[in-house]
Amino acid sequence: MSDNGGRKNLRMPEDDELFAVVTDMLGANRVKVRCMDGTERTARIPGRMQKRIWIREDDVVLVEPWDWQDEKADISWRYEKQEADQLREEGHITDSV
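What you see is a predicted model; the values in this text were computed from it and never measured. (Residues numbered from 1 in each chain as written. Predicted model: local features only at pLDDT ≥ 70, side-chain atom pairs only at ≥ 80, totals over all residues. Heavy atoms only, no water.)

Asker: So, the overall build of the protein chain: which residues are in play, and what are the values?
Answerer: In terms of regular secondary structure, the protein chain is built from one helix and five strands. Residue burial in the protein chain is summarised as follows: out of 97 residues, 34% are buried. Once local pairs closer than 6 in sequence are excluded, the contacts in the protein chain between residues at least 24 apart make up 54%. In the form shown here, the protein chain has an accessible surface area of approximately 6400 Å², with 46% of it arising from carbon and sulfur atoms. (Helix = DSSP H or I, 4+ residues; strand = E, 2+ residues; numbered from the N terminus. Buried < 20%, exposed > 50% of the residue type's maximum accessible area, 1.4 Å probe, protein only. Contact = heavy atoms within 4.5 Å. Areas by Shrake-Rupley, 256 points an atom, 1.4 Å probe, with all protein chains shown as cover.)

Take a look at the structure:
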């Protein structure tokens with residue numbers, strides 16, 4: 001029995017990463033995401049994730065915005081549904097943004 005109530009230790013954003021929710025699939029390994037800083041960005045699915053991790057609308061992901069073009073980003077991590085629910089319960093992700 002676990003004393004932490006089933007809580008998993010999840011990967012949290014590092015220095016330049018943000019939580020984001022996928023809002024639209026654009027094709028050509030690109031998705032539209034709504035970041036937790038209130039910005040809509042076009043995010044790229046990197047080659048190392050393309051055939052291994054499937055990303056769908058309403059998935060919670062970590063994105064790394066580009067330094068030279070703030071309206072674009074790269075996806076660095078995708079959370080499973082249970083992990084996303086845990087992040088919402090703990091207040092890391094708000095659905096109002």
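Asker: For the nonpolar core, give the residues involved together with the corresponding values.
Answerer: In terms of nonpolar packing, the biggest core is built from 13 residues, with V31, V33, A43, V61, V63 and I75 touching the most fellow members. Ranked by residues supplied to this core, first place goes to strand β2 (residues 30–35) with three residues. Setting aside its immediate chain neighbours within four residues, V33 contacts A20, V21, V22, T23, T39, E40, R41, A43, V61 and V63. In terms of nonpolar packing, the next biggest core, distinct from the first, is built from nine residues, L10, L62, Y79 and A84 among them. (Core = buried A, V, L, I, M, F, W, Y, C linked by side-chain atoms within 4.5 Å.)

Asker: An account of a negative patch on the surface is requested, with residue identities and associated values reported.
Answerer: A cluster of acidic residues, D15, D16, E64 and D67, forms a negative patch at the surface. Among the secondary structure elements, D15 is positioned in the segment before β1 (18–27). On the basis of relative accessible area, D15 is assigned to the exposed category, the value being 82%. (Patch = residues over 30% accessible without salt bridge, like charges linked within 9 Å, V, L, I, M, F, W, Y side chains within 5 Å. Salt bridge = Lys/Arg side-chain N within 4 Å of Asp/Glu carboxyl O. Lys, Arg positive; Asp, Glu negative; His and termini not counted. Charge placed at Lys NZ, Arg CZ, Asp CG, Glu CD.)

Asker: Account for the packing of aromatic side chains, naming residues and giving values.
Answerer: For the structure on display, the rule yields two aromatic pairs. When the centroid spacing of 6.0 Å and the interplanar angle of 45° are considered together, the rings of F19 and Y79 count as tilted. With F19 in strand β1 and Y79 in the loop between β5 (72–78) and α1 (81–89), this pair connects stretches of sequence that are 60 residues apart. For the pair F19 and Y79, a shared accessibility class is recorded, and that class is buried. (Phe/Tyr/Trp six-rings, centres within 6.5 Å; stacked < 30°, edge-to-face > 60°.)

Asker: Explain the environment of K81 to me, and be specific about the residues and the numbers.
Answerer: Mapping K81 onto the fold places it in helix α1. Judged by relative accessible area, K81 falls into the exposed class, the value being 60%.

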